[in-house]
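So you can see what is in the structure, the chains are spelled out below.
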Amino acid sequence: MNKNNILLEVKNLTASFEIPDKKTIIPVNNISFTISKNETVGFVGESGSGKSSLAYCITQLLAKNAKIIGGSIKFDNQELINLKLSELQKIRGAKIAIIPQNPMSSFDPIYTIEKQMNEMFMNHLKTKIDSKKSELFQKIKELEKTKEIKSLDEQKKISLEILALKKEAKNYTYNQSIQLLKLVGINDAEKRIKQYPSELSGGMLQRVMIAMNLICEPSLLIADEPTTALDVTVQMQIITLLKTLQSKMHMGIMIITHDLGIIANMCDTVHVMYAGSIVESGSTEDIFQNPKHEYTKKLMLSTPKFDTEKLESISGYPPALSQLNIGCAFAERCEKCMEICLKQTPFIFQIENNHYSTCFKYLYEKYKNNHDELKKILNLNGIK
Ligand code: SF4
């Protein structure tokens, strides 16, 4: 990816949560990555791997008991950490939009889709709407002035023009909403906009949620489990929709998911997360064709494929983030675990190009005939 196209640059981001009994957990641990324009970057891992917390760190919509304790989040070269709330609000929802994990519950059941879209417009684009309306009213004024000196026929024409402009000013946000609903593939948009959320299917609500998030034409769209709770056909439609919108609007997309199928269909780059850390990163091809971390390999084997006879599950459970010790967090579940995995915390190293992993097993295999080089790499990372 072209460096000049980088939208989001996250470096060594670490966040902590205070939980009862004065315990601290680290759901986001020393995370670094970038997202460029037109790029789709996926974060995959089991529940509790820190994927959603990462998304909420970026938008700084963290719970009260959570805080960012280190690192940097640069969006369009502007540091977001410690940015004034008023400045942050100009970016959040406008330049960075987030489709939440359960969009169905993000709608207010007592208001129509039109009212909820209208509110979104007023929250984010009030100034633009006001200036568009005053532009229309200015035109009306000018037409009214010229009307006085015109012939009767021309006066009639001008009156019709004025009427159309008044209608346009009155229905400005409605028309914009209809356009957006059509853009996301809602058929019968004029009927749907008058309906309540409970009258729409899950797939349709997801499309409306995407439309609402496009109101400000964001340059980065974060989708947190965008197709959970949708059936397979609708999932595919939503994925296709996001890709189509991306090619029209050149957005960067960050996808948070536990579903490798979505990653395979959508992403250019993948980060595999486990216990709050990125354990492997690479192009989608690298991760699917050539996984190097034992956890990634297990994830692949637990995903259904056409030619899979038997699916493997990953035995055990991810560790509680409050109980992370020295060593590889996956060690307890890993069949390839070695002595070093229990005594030393893995570090990230390059495999080739943009492919990175933290698995000791791969490192030891790679340098099995070059112990000096292995020792050098370990030493460089503080392991004697
Ligand atoms: S570092 Fe060790 S324990 Fe962790 S995944 Fe690799 S082999 Fe398994």
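Some remarks on the environment of V272
Point 1. Following the sequence through the fold, V272 ends up in strand 9 (residues 269-274).
Point 2. Considering only alpha carbons, one finds V272 and V41, 231 residues apart in sequence, at a separation of 11 Å.

Topic: the site of the ligand
Point 1. Taken together, the neighbourhood of the ligand is formed by H293, E294, C328, F330, A331, C334, K336, C337, C341, C359, F360 and K361.
Point 2. The residue makeup of the shell around the ligand, split by class, is eight nonpolar, one polar and three charged.

Describing the packing of aromatic side chains
Point 1. Counted by the stated rule, this structure contains seven aromatic pairs.
Point 2. A centroid spacing of 5.2 Å and a plane angle of 85° characterise the contact between Y274 and F330, whose relative ring orientation is edge-to-face. Placement of Y274 in strand 9 and of F330 in the loop between helix 11 (294-301) and helix 12 (339-343) is noted, with a sequence separation of 56 residues between them.
Point 3. Among the aromatic residues, ring-to-ring pairing joins F347, F349, F360 and Y362 into one connected group.
Point 4. The side chain of K115 reaches across the aromatic face of Y111, ending 5.2 Å from its centre.

Description of helix 11
Point 1. Counting buried positions along helix 11 gives six out of eight residues, so the element sits mostly inside the fold.
Point 2. Burial in helix 11 covers these residues: E294, Y295, T296, K298, L299 and M300.
Point 3. Residues of helix 11 that are buried in the fold lie against strand 3 (40-44), helix 9 (260-266), strand 9, strand 10 (277-283), helix 10 (284-289) and helix 13 (360-366).

Looking at the domain arrangement of the chain
Point 1. Domain boundaries in the chain define domain 1 (1-110 + 211-313 + 350-361) and domain 2 (113-181).
Point 2. Between domain 1 and domain 2, the buried area comes to about 890 Å², and carbon and sulfur atoms account for 76% of it.
Point 3. Looking at the side of domain 1 facing domain 2, the largest losses of area belong to A211, M212 and I215, adding up to 58% of the total buried there.
Point 4. Our enumeration of links across domain 1 and domain 2 arrives at zero salt bridges.
Point 5. Linking domain 1 to domain 2 there are one residue pair in polar contact (both at pLDDT 80 or more).
Point 6. Of the residues belonging to the side of domain 1 that touches domain 2, the class tally is seven nonpolar, two polar and two charged.

Describing the side chain of R92
Point 1. With respect to the secondary-structure elements, R92 resides in the loop between helix 2 (85-91) and strand 6 (96-99).
Point 2. An unpaired buried charge is present at R92: no salt bridge exists, and E87, the closest side chain of opposite charge, is 12 Å distant.
Point 3. Sequence-distant contacts of R92, that is, excluding residues within four places in its chain, are made with T59, Q60, L61, L85 and H124.

Regarding the environment of C328
Point 1. Here C328 is to be found in the loop between helix 11 and helix 12.
Point 2. The spatial distance from the C-alpha of C328 to the C-alpha of L378 is 15 Å, given a sequence separation of 50 residues.
Point 3. Residue contacts for C328: discarding those within four places in its chain leaves C341, Q344 and P346.

A closer look at helix 4 (residues 152-170)
Point 1. Along its 19 residues, helix 4 runs 27 Å from first to last C-alpha, staying within 8% of the 27 Å computed at 1.5 Å per residue.
Point 2. Among the residues making up helix 4, those that are buried are I158, I162, L165 and A169. Seen along its axis, helix 4 keeps its buried residues to an arc of 65°; they face one direction. In this structure, helix 4 carries L152, D153, K156, K157, L160, L163, K167 and K170 as exposed residues pointing more than 90 degrees from its buried face.
Point 3. In this structure, the buried residues of helix 4 make contact with helix 3 (113-147) and helix 5 (172-183).

Overview of the sheet that holds strand 9
Strand pairing in a sheet relies on backbone hydrogen bonds. The paired strands run either parallel or antiparallel.
Point 1. On the basis of which strands lie adjacent, the open sheet formed by eight strands has the order 6-7-8-3-9-10-12-11 and mixed pairing. Bordering the open sheet on either side are strand 6 and strand 11 (349-352), each of which pairs with just one other strand. Taken over all neighbouring pairs, the strand axes of this sheet differ in orientation by 20° on average, direction set aside.
Point 2. Where strand 3 meets strand 8 (residues 252-257), five bridges bridge the pair, whose relative direction is parallel. From the neighbouring strand, V44 faces strand 8, where its bridge partner is T257.
Point 3. Contacts from helix 1 (residues 51-58) reach strand 3, strand 6, strand 7 (220-224), strand 8 and strand 9, with the element oriented near 145° to strand 8.

Overview of the packing of helix 7 (residues 202-213) against helix 8 (residues 232-249)
A pair of packed helices is characterised by two quantities: the angle between their axes and the separation of those axes.
Point 1. Look at helix 7 against helix 8: their axes get within 10 Å of each other, and the N-to-C directions meet at 15°. Between helix 7 and helix 8, the angle falls in the class roughly parallel. Seen along the crossing, helix 7 lies across helix 8 with a hand that is right-handed. Where helix 7 approaches helix 8, its residues G203, Q206, R207 and I210 are matched on the opposing element by V234, Q237, I238, L241, L242 and L245.

Cut-offs used in this document
- Residues numbered from 1 in each chain as written.
- Predicted model: local features only at pLDDT ≥ 70, side-chain atom pairs only at ≥ 80, totals over all residues.
- Heavy atoms only, no water.
- Helix = DSSP H or I, 4+ residues; strand = E, 2+ residues; numbered from the N terminus.
- Near = heavy atom within 4 Å.
- Nonpolar A, V, L, I, M, F, W, Y, C, P; charged D, E, K, R; others polar.
- Phe/Tyr/Trp six-rings, centres within 6.5 Å; stacked < 30°, edge-to-face > 60°.
- Lys NZ or Arg CZ within 6 Å of the ring centre and 35° of its normal.
- Buried < 20%, exposed > 50% of the residue type's maximum accessible area, 1.4 Å probe, protein only.
- Contact = heavy atoms within 4.5 Å.
- Domains from an automatic or database assignment.
- Buried area = accessible area lost by both parts, 1.4 Å probe.
- Salt bridge = Lys/Arg side-chain N within 4 Å of Asp/Glu carboxyl O.
- Polar contact = N/O pair within 3.5 Å; in protein donor to acceptor, adjacent residues only side chain to side chain.
- Lys, Arg positive; Asp, Glu negative; His and termini not counted.
- Expected span 1.5 Å × (residues − 1).
- Arc of directions from axis to C-beta.
- Pairing = 2+ DSSP bridges.
- Axes fitted to C-alpha atoms, helices over the stretch in contact; angles between N-to-C directions.
- Parallel < 35°, antiparallel > 145°, perpendicular 65-115°, else oblique.
- Left-handed = near helix turned anticlockwise from the far one by under 90°.

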